[in-house]
Amino acid sequence: MASVLPQSLERGADAAARALELVLASLEDSKAEDIVTINIAGKSALGDYMVVVSGRSSRHVMAICEHLISDLKDEGLGGARVEGQEAGDWVLIDTGDIIIHVFRPEVREFYNIEKMWAAPEVEEGTSLH
């Protein structure tokens with residue numbers, strides 16, 4: 001019986017960093033706008049990075065997502081979950097290590113998720129009065 005050894009944290013972090021490079025290159029190639037990367041490792045069990053970008057229109061949002069999904073598959077990262085692609089207002093692509101949000105500008109401004117994730121951390125024992 002073969003034993004499965006867990007990957008070291010460093011190798012997992014390296015894999016996430018390499019995947020992030022691929023994601024950012026794909027987004028740049030698709031002319032995505034206002035690309036923001038937020039390191040959420042240690043802040044959330046959802047993944048290591050969150051990337052928030054804008055497309056100029058619903059059509060551009062969908063094109064960015066199709067290109068990114070294709071690039072992920074080409075690199076062997078094809079198991080990404082995708083939600084919201086039909087509407088083209090806000091598409092979420094979850095690769096496991098990286099969560100990518102692709103918005104139309106008005107929708108991005110409305111939800112303002114970067115601000116929520118960039119909020120300063122409250123130290124344990126600090127009261128919020």
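Residues numbered from 1 in each chain as written. Predicted model: local features only at pLDDT ≥ 70, side-chain atom pairs only at ≥ 80, totals over all residues. Heavy atoms only, no water.

A.B. asks: An account of the overall build of the protein is needed here, citing residue identities and associated values.
C.D. replies: Check the secondary structure of the protein and you find four helices and five strands. What you see in the protein, going N to C, is helices and strands ordered as α-β-β-α-β-β-β-α-α. For the protein, the proportion of its 129 residues judged to be buried stands at 33%. For the protein, restricting intrachain contacts to residue pairs at least 6 apart in sequence, the fraction spanning at least 24 positions comes to 54%. (Helix = DSSP H or I, 4+ residues; strand = E, 2+ residues; numbered from the N terminus. Buried < 20%, exposed > 50% of the residue type's maximum accessible area, 1.4 Å probe, protein only. Contact = heavy atoms within 4.5 Å.)

A.B. asks: Describe the confidence of the model for the protein, listing the residues and the values that go with them.
C.D. replies: Close inspection of predicted coordinates is inappropriate for parts of the model with low pLDDT. In the predicted model, the protein carries a mean pLDDT of 85, and 83% of its residues have values of at least 70. Across residues 1-10 the pLDDT falls below 50, and counting only partners more than four positions away or on other chains, this stretch makes one contact in the model. (pLDDT = per-residue confidence, 0-100.)

A.B. asks: Before we move on, could you go through the nonpolar core and cite the residues and values that matter?
C.D. replies: Considering soluble globular proteins, one finds that nonpolar side chains tend to be buried as a cluster. Among the nonpolar cores identified, the biggest contains 21 residues, and Leu 27, Ile 93, Ile 98 and Ile 100 are the most heavily contacted of them. Counting residues per element, the ones that place at least two in this core are helix H1 (9-29), strand S2 (49-54), helix H2 (58-74), strand S4 (90-94) and strand S5 (98-103). When neighbours within four sequence positions are excluded, Ile 98 is seen to be in contact with Ala 16, Ala 19, Leu 20, Val 23, Tyr 49, Val 51 and Ile 93. Of all hydrophobic cores here, the second largest spans nine residues; its members include Met 50, Val 52, Phe 103 and Val 107. (Core = buried A, V, L, I, M, F, W, Y, C linked by side-chain atoms within 4.5 Å.)

A.B. asks: For the sheet that holds S5, give the residues involved together with the corresponding values.
C.D. replies: Spatial ordering of the open sheet is given by S1-S2-S5-S4-S3, a layout of five strands whose pairing is mixed. Each end of this open sheet is capped by a strand with a single partner; those strands are strand S1 (33-39) and strand S3 (81-83). The mean angle between the axes of side-by-side strands here comes to 15°, regardless of whether they run parallel or antiparallel. Two elements, S3 and S4, share three bridges in a ladder whose sense is antiparallel. Counterpart to Glu 83 in the pairing with S4 is Leu 92. Along the sheet, H2 makes contact with S2, S3, S4 and S5, crossing S4 at roughly 10°. (Pairing = 2+ DSSP bridges. Axes fitted to C-alpha atoms, helices over the stretch in contact; angles between N-to-C directions.)

A.B. asks: Please give an account of the pairing of S2 that cites residues and values.
C.D. replies: The buried count for S2 comes to six of six residues, which makes it a mostly enclosed element. Side chains of S2 alternate between two faces, with Tyr 49, Val 51 and Val 53 and Met 50, Val 52 and Ser 54 buried alike. One ladder, built from six bridges, connects S2 with S5; its direction is parallel. Paired with Val 52 across the strands is His 101, a residue of S5.

A.B. asks: Break down the packing of aromatic side chains for me, citing the residues and quoting the values.
C.D. replies: According to the stated counting rule, one finds three aromatic pairs in the structure shown. Judged by centre distance (4.8 Å) and plane angle (35°), the rings of Trp 90 and Phe 103 are tilted. Of this pair, Trp 90 sits in strand S4 while Phe 103 sits in strand S5; the two residues are 13 residues apart in sequence, bridging distant segments of the chain. Grouping aromatic residues by their ring pairs yields a cluster made of Trp 90, Phe 103, Phe 110 and Tyr 111. (Phe/Tyr/Trp six-rings, centres within 6.5 Å; stacked < 30°, edge-to-face > 60°.)

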